[in-house]
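Geometric and topological summary
What follows is the residue order along each chain.
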Amino acid sequence: MNYFYVVFTVLCSIYNVGDSKTIGAIFDDGTFLLEAAFNLGILDASQNEENPFEASVIKTSPGDLIEAENGICSLLENNVLGIFGPTSKATMKHVQVIADYLEIPHIITEPMTAQNRNWSAVNLYPNHMAYSQVFADIIAMKGWTDFTIIYEGAELLPFLDNILNMEDLDSQEHIVISVVQLPDGDDFRSQLKTIKASGSVNYLVCCSRDNLPLFLEQAQQVGIMSDEHSYIIMDPDFHTIDIDPYKHGGSNITGIRFFDPELDEIKQFTAAINDKVKELSEGQIETAIEGQTLNLNLALVYDAVMLYTSALKIMGLEEGGNVTCDASETWSFGSSIINFIRTMEQDGLTGVIKFDEDGFRSEFEVDVLEVMAHGFEKIGTWSMEDGFTEMRKIVPAVEQEGSEYMKGKHFIVLTALSAPYGMLKESSLKLESNDRYEGFGIEIIEELAKMNEFNYTFEIQEDGVYGSYEPKLKKWTGMMEKIMDGRADFAITDLTITAARQKVVDFTSPFMNLGITILYKKPTKQPPDLFSFISPFSYQVWGWLAGAYVGVSVLLFILGRFAPEEWQNPYPCIAEPETLDNQWTLANSFWFTLGSVLTQGSEIAPIAVSTRMAGSMWWFFTLIMVSSYTANLAAFLTVESKFYAIKSVTDLASNPYGITYGAKRGGATFGFFKESDNLLYQKMYEYMDSHPELMTQTNDIGLERVKSNDEDYAFLMESTSIEYMVERNCDVAQVGGLLDSKGYGIAMKKNSPYRQPMSESILQLQEQGKITRMKDKWWKEKRGGGACADDDAGSGDAQPLVLANVGGVFIVLVAGSGLAVICAFFEMTVDVWMIARREKLSFKEELMAELRFIFSFSGDVKPVRHRASTSSGSGSKGSKKTNILNDEEEEPKEEDVDPVPTPRSERSSHSRHTSHSRRQSNVKQMNQFRKLIKEKSVN
Ligand code: GLU
């Protein structure tokens with residue numbers, strides 16, 4: 001196509017010969033942009049000209065020397081007044097050699113470092129020495145003493161000359177410069193990581209406009225675009241890139257520009273370029289510079305055309321030199337034009353155009369820009385004469401609070417691979433950057449980033465050290481050290497807020513609460529116990545039960561003696577017995593209560609209100625106790641009994657089974673034991689401190705040691721992490737309660753302005769219930785959560801009943817017994833009072849006599865001391881009412897005898913306890929009874 005185009009253009013040019021002043025150009029940029037700028041320049045230069053300038057453009061393939069050579073020869077045939085382009089280095093040099101040989105002015109707008117001052121070339125691109133001086137001055141203004149030059153290709157090195165010379169300058173400050181070359185291709189991360197690892201924070205970036213966005217993006221990914229990092233970008237078209245992703249990152253980014261795109265003339269020129277491109281491409285390209293700002297090269301081409309045509313106009317040259325590639329003549333005016341241009345001074349789009357004595361454009365002026373939150377801001381200017389002149393508007397610092405302050409910034413977030421806070425994603429795809437991680441902590445940061453609109457890059461603390469103060473090294477370790485040094489902005493993992501850490505870093509409000517406890521193997525099954533029937537009650541309850549049994553038995557014995565009703569006529573058929581019997585012997589009392597406890601009953605039945613009251617209380621008591629015992633025995637028989645080697649931290653410290661224990665090295669748990677003034681914890685600290693082999697690097701190692709059959713190891717750990725582990729490892733369990741109460745927080749540099757907005761966001765997440773949902777997700781659902789959920793079903797531990805469980809029944813028993821005592825006393829008093837009144841005796845004396853008898857505890861037979869003068873009623877009742885009589889014996893009257901015998905049960909119980917003397921008198925009474933029966937039957 002190019003060949004055809006060359007021929008076509010040449011033919012057109014030949015057709016125009018003699019009508020106009022033709023200026024030739026060879027463009028190989030593959031677009032219509034340079035051609036449009038060139039044509040616009042020719043058009044503008046031809047305004048008000050009688051004999052207008054004519055553009056003769058040849059487009060060649062980029063870097064094709066033959067096409068370029070054919071192009072220049074064709075243009076010469078066309079008797080051109082000068083040659084512009086091409087842009088690629090090799091072809092440009094080739095064209096320059098030909099132009100130089102034929103002394104045809106060659107106008108260049110590209111960065112060229114090897115240019116002979118005598119050659120027929122004039123370059124409008126700023127001279128590399130002057131260009132490097134711009135940046136040397138900016139570096140000096142910033143006061144950098146240690147920086148890294150990041151450059152792309154060796155051809156750009158001359159543009160660093162004056163900067164590299166800074167190292168040798170005899171200045172007071174020693175300047176350290178590192179140089180890193182970016183590789184070909186599109187992945188600079190490895191070099192950027194090396195730069196980051198070197199600790200360098202100031203970067204001079206010398207790479208092309210095309211690669212700049214990629215470079216900045218990767219720098220952000222690698223984590224060298226935070227508050228502490230500064231960049232100076234050398235490319236003059238830096239202001240044309242989309243700076244939005246980087247303007248809130250916190251890095252200081254400085255660059256330059258040759259013109260202000262907001263100026264009217266620049267805007268008009270940009271619009272004209274777009275129209276021209278549309279025209280040249282026959283409407284195929286609507287807007288060539290869409291959304292992006294005009295670049296330096298287009299402005300230089302335009303300026304070059306304007307400058308060159310001005311020179312021709314001033315010199316009055318209307319015709320070329322009629323030189324051809326084949327002839328050996330040169331154009332006699334060629335070098336004159338070049339020399340004349342070098343003396344000119346003209347304003348262009350790129351500022352003042354003038355050349356130094358060596359013919360280089362070293363006197364130019366640029367704007368120095370800085371990237372701010374609102375975009376680019378001009379902070380000063382640079383000119384060869386004045387160097388850098390600051391013109392920054394001093395805006396009073398507005399205190400930006402809250403999330404606004406974090407908006408758009410980029411942070412390095414340090415985390416550790418500690419499940420479930422931070423974990424590597426399981427994926428078959430190759431994941432990059434933040435996508436590689438997932439977990440509870442990762443999700444919290446994602447939420448906080450959304451809420452506060454910041455960007456972040458996760459960095460892993462490979463050794464898993466969270467940080468503690470090392471007195472020997474006199475410094476903090478791990479994550480704490482990195483936060484303090486500013487190597488990371490935030491740290492999130494199971495990072496405990498401790499007083500010591502709080503002194504050197506800031507923490508957000510805790511996002512999770514926890515305490516220290518023990519991780520140990522699950523209790524082992526115990527062999528069945530022959531005496532497990534004792535287990536339902538604690539020993540204390542058994543003790544109280546025995547006490548109650550003895551107490552109630554003795555009480556019944558005493559009540560029986562008190563209660564008049566319990567003194568019964570041993571032979572109810574004998575109306576006036578000499579003695580009365582009492583069933584409540586001590587042995588009978590114990591037998592009665594025992595029979596109730598064992599739910600077997602006995603033949604003894606209480607008669608008096610008081611004894612019945614005490615008896616029923618005892619039955620109630622035994623009912624409850626026996627039911628409780630039975631129910632709990634069932635639990636003991638169904639539930640597997642377990643052997644707990646340790647049940648609390650006290651067991652661990654006394655260590656009866658030789659269980660070793662440890663904690664995470666340098667972690668908050670170990671710190672807790674170290675700082676504690678509790679004697680038990682101090683003892684444990686000394687044990688752990690003297691056994692460093694028992695300390696672990698991570699919680700996971702601790703878990704493995706607990707599970708291992710090779711050692712009997714308990715791990716002191718934080719409850720939330722234990723919760724996570726026991727959900728997935730069914731052979732381990734938490735032992736005992738929490739020793740303390742604390743929380744996990746996000747760490748950041750001391751006095752960080754981000755603490756407030758981050759804490760507020762955490763509280764919001766907590767109030768919205770998001771943190772709880774996240775916890776459920778990462779603990780119970782993801783990565784095998786819930787695996788041990790059914791494991792403990794039915795294995796609940798049966799516990800012996802303690803006094804607290806059954807104490808109420810004892811109280812009821814005691815209260816009932818007390819009532820019975822009052823009742824018995826009342827019964828006895830009333831009875832004595834009635835007899836005393838009937839017999840006209842002293843109540844007091846009778847009462848004392850009765851009490852003396854009761855408390856003499858002399859057997860279960862009571863002699864009848866008073867006999868009723870009129871006895872009535874039946875059997876036992878009649879005899880009972882007359883129980884206090886004179887000792888003299890009287891024959892019973894016939895009508896006093898109740899022929900109905902006392903029920904057998906009553907009698908039999910009485911008869912068993914009759915004493916010998918009583919038996920003798922009874923025999924006598926029985927004989928009287930038989931005699932009476934006989935007389936009755938005779939009649
Ligand atoms: N969360 C602890 C810390 O911040 C680590 C684990 C532990 O000590 O139990 O150091």
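Residues numbered from 1 in each chain as written. Predicted model: local features only at pLDDT ≥ 70, side-chain atom pairs only at ≥ 80, totals over all residues. Heavy atoms only, no water.

1. Observations concerning the overall build of the chain
The criterion, for reference: By the criteria applied, helices consist of DSSP H or I runs no shorter than four residues and strands consist of E runs no shorter than two, each listed in order from the N terminus. Only protein chains enter the calculation, and the probe is 1.4 Å; a residue is then buried if its accessible area is under 20% of its type maximum, exposed if over 50%, and partly exposed in between. Note on contacts: a residue pair qualifies if any of its non-hydrogen atoms lie within 4.5 Å across the two residues.
Of regular secondary structure, the chain possesses 30 helices and 35 strands. The buried share of the chain, taken over its 939 residues, is 51%. In the chain, the share of contacts with a sequence separation of at least 24, taken over all contacts with a separation of at least 6, comes to 71%.

2. Overview of the sheet that holds strand 3 (residues 83-84)
Under the convention used in this document: Whether two strands pair depends on DSSP finding at least two bridges between them. Think of each axis as a best-fit line through the C-alpha atoms, taken over the contacting stretch in the case of a helix, with angles from 0 to 180 degrees between the N-to-C directions.
Taking strand neighbours across the sheet as the criterion, the five strands line up as 2-1-3-4-5 in an open arrangement whose pairing is parallel. Looking at which strands have only one partner, the edges of the open sheet turn out to be strand 2 (53-59) and strand 5 (121-123). Of the pairings in the sheet, the one linking strand 1 (residues 21-27) to strand 3 comprises two bridges and is parallel in character. The partner of Gly24 across the bridge, within strand 3, is Ile83. Strands in contact with helix 2 (residues 33-46) are strand 1, strand 2 and strand 3; relative to strand 2, the strand with the most contacts, it is inclined by about 170°.

3. So, the pairing of strand 28 (residues 579-582)
Regular strands place side chains that alternate from one sheet face to the opposite one. Neither face of strand 28 is exposed, since Thr579 and Asp581 on one face and Leu580 and Asn582 on the opposite face are all buried. Pairing between strand 28 and strand 35 (residues 861-863): three bridges, direction antiparallel. When the bridges of strand 35 are listed, Thr579 appears paired with Pro863.

4. Re the environment of Met423
Residue position: Met423 is located in strand 17 (residues 423-424). A relative accessible area of 7% places Met423 in the buried class. Contacts of Met423, omitting those with residues within four sequence positions, involve Leu417, Arg436, Tyr437, Glu438, Gly439, Tyr724, Trp778 and Arg783.

5. Describing the state of the cysteines
Where we set the bar: The rule for a disulfide is simple: a pair of cysteine sulfur atoms within 2.5 Å.
Considering all chains together, one arrives at two disulfides under this definition. For Cys73, the disulfide goes to Cys325, at an S-S distance of 2.0 Å. On the sign convention where negative means left-handed, the S-S torsion of about -100° between Cys73 and Cys325 marks this disulfide as left-handed. Taken together, the residues Cys73 in helix 3 (residues 65-77) and Cys325 in the loop between helix 10 (296-315) and helix 11 (334-343) connect sequence positions 252 residues apart. For Cys325, a relative accessible area of 25% puts it in the partly exposed group. One disulfide bridge connects Cys730 with Cys788, the sulfur atoms lying 1.9 Å from each other. An S-S torsion of about -90° defines the bridge between Cys730 and Cys788 as left-handed.

6. A few points about the packing of aromatic side chains
As a reminder of what qualifies: Only centres within 6.5 Å qualify two rings of Phe, Tyr or Trp (six-membered ring in Trp) as a pair; their planes then separate them into stacked at under 30 degrees, edge-to-face at over 60, and tilted for everything else. A ring is considered to have a charge above it if a Lys NZ or an Arg CZ atom is located within 6 Å of its centre and within 35 degrees of its normal.
Evaluation of the coordinates by the stated rule reveals 51 aromatic pairs. Ring geometry for Trp331 and Phe333: centres 6.5 Å apart, planes at 70°, overall edge-to-face. Taken together, Phe411, Tyr437, Phe454, Tyr456, Phe458, Phe490 and Tyr754 form an aromatic cluster joined through their ring pairs. Above the face of the Phe853 ring, Arg561 is positioned so that its terminal group lies 5.1 Å from the ring centre.

7. Some thoughts on helix 27 (residues 843-856)
Note the following rule: Multiplying 1.5 Å by the helix residue count minus one yields the expected span of that helix.
Compared with an ideal rise of 1.5 Å per residue, which puts 14 residues at 20 Å, helix 27 spans 20 Å between its outermost C-alpha atoms and is within 8% of the ideal. Those residues of helix 27 that are buried lie in contact with helix 16 (539-562), strand 27 (567-568), helix 26 (803-838) and strand 35.

8. Concerning helix 3
Working note: α-helix, 3.6 residues per turn, so residues spaced by three or four point in the same direction. What counts is decided by this rule: Polar contacts here mean pairs of N or O atoms no more than 3.5 Å apart (in protein, one a potential hydrogen donor and the other a potential acceptor; neighbouring residues in sequence count only if both atoms are side-chain atoms).
Over its 13 residues, helix 3 runs 18 Å from end to end, which matches the ideal 18 Å to within 8%, given 1.5 Å per residue. Two or three places before Ile66, at the opening of helix 3, Asp64 has a side-chain oxygen 3.2 Å from that residue's backbone nitrogen. Immediately downstream of helix 3, the backbone of Asn79 shows phi near 60°, a positive value.

9. What about the nonpolar core?
Stated formally: The nonpolar core is taken to be a set of buried Ala, Val, Leu, Ile, Met, Phe, Trp, Tyr and Cys residues, with the residues joined through side-chain atoms within 4.5 Å.
Counting residues in each nonpolar core, the largest one holds 93 residues, and the members touching the most others are Phe38, Phe135, Phe147, Ile163 and Leu204. When residues of this core are assigned to their parent elements, the largest contribution, 13 residues, is made by helix 10. Among all residues touching Phe147, those that are not within four sequence positions of it are Ile139, Ile163, Met166, Ile175, Val176, Ile177, Ser178, Ser200, Asn202 and Leu204. Core analysis: the next-biggest nonpolar cluster, separate from the first, contains 66 residues, Met406, Tyr437, Phe454 and Ile771 among them.

10. Quick look at the side chain of Ser310
Its place among the elements puts Ser310 in helix 10. The class for Ser310 is buried, based on a relative accessible area of 17%. Separated by 3.1 Å, the side chains of Ser310 and Gln346 make a polar contact. Discounting chain neighbours no more than four positions away, the residues touching Ser310 are Met344 and Gln346.

11. Side note on the site of the ligand
To keep it simple, the criterion reads: Throughout, near means a residue has at least one heavy atom within 4 Å of the molecule or strand. Calculation of accessible area relied on Shrake-Rupley with a 1.4 Å probe; when residues are assessed, cover is drawn exclusively from the protein chains displayed. Residue classes follow a fixed rule: Ala, Val, Leu, Ile, Met, Phe, Trp, Tyr, Cys and Pro count as nonpolar, while Asp, Glu, Lys and Arg count as charged, and any other residue, Gly among them, counts as polar.
Tyr466, Asp494, Leu495, Thr496, Arg501, Lys664, Gly667, Ala668, Thr669, Glu718 and Tyr744 make up every residue found near the ligand. One of the side-chain N or O atoms of Thr496 is found 2.7 Å from a nitrogen atom in the ligand. One nitrogen or oxygen atom from the main chain of Ala668 is found 2.9 Å from an oxygen atom belonging to the ligand. For the ligand, whose unbound accessible area comes to 290 Å², protein coverage reaches 100%. Partitioning the shell around the ligand into residue classes produces four nonpolar, three polar and four charged.

12. Here's the deal with the sheet that holds strand 32 (residues 732-735)
Overall, mixed pairing links the four strands, which are arranged 30-31-25-32 in an open sheet. Each having just a single partner strand, strand 30 (660-662) and strand 32 make up the two edges of the open sheet. Between one strand and the next, the sheet's axes are offset by a mean angle of 30°, whatever the strand orientation. Across four bridges, strand 25 (residues 516-521) lies against strand 32 in antiparallel orientation. Looking at strand 32, one finds that Tyr520 is bridged to Ala733. Across the face of the sheet, helix 22 (residues 699-707) comes into contact with strand 25, strand 31 (713-718) and strand 32 while running at roughly 150° to strand 31. Of the strands in this sheet, strand 25, strand 31 and strand 32 touch helix 23 (residues 719-728), which is tilted by about 120° from strand 31.

Just distances and angles here, no functional claims.
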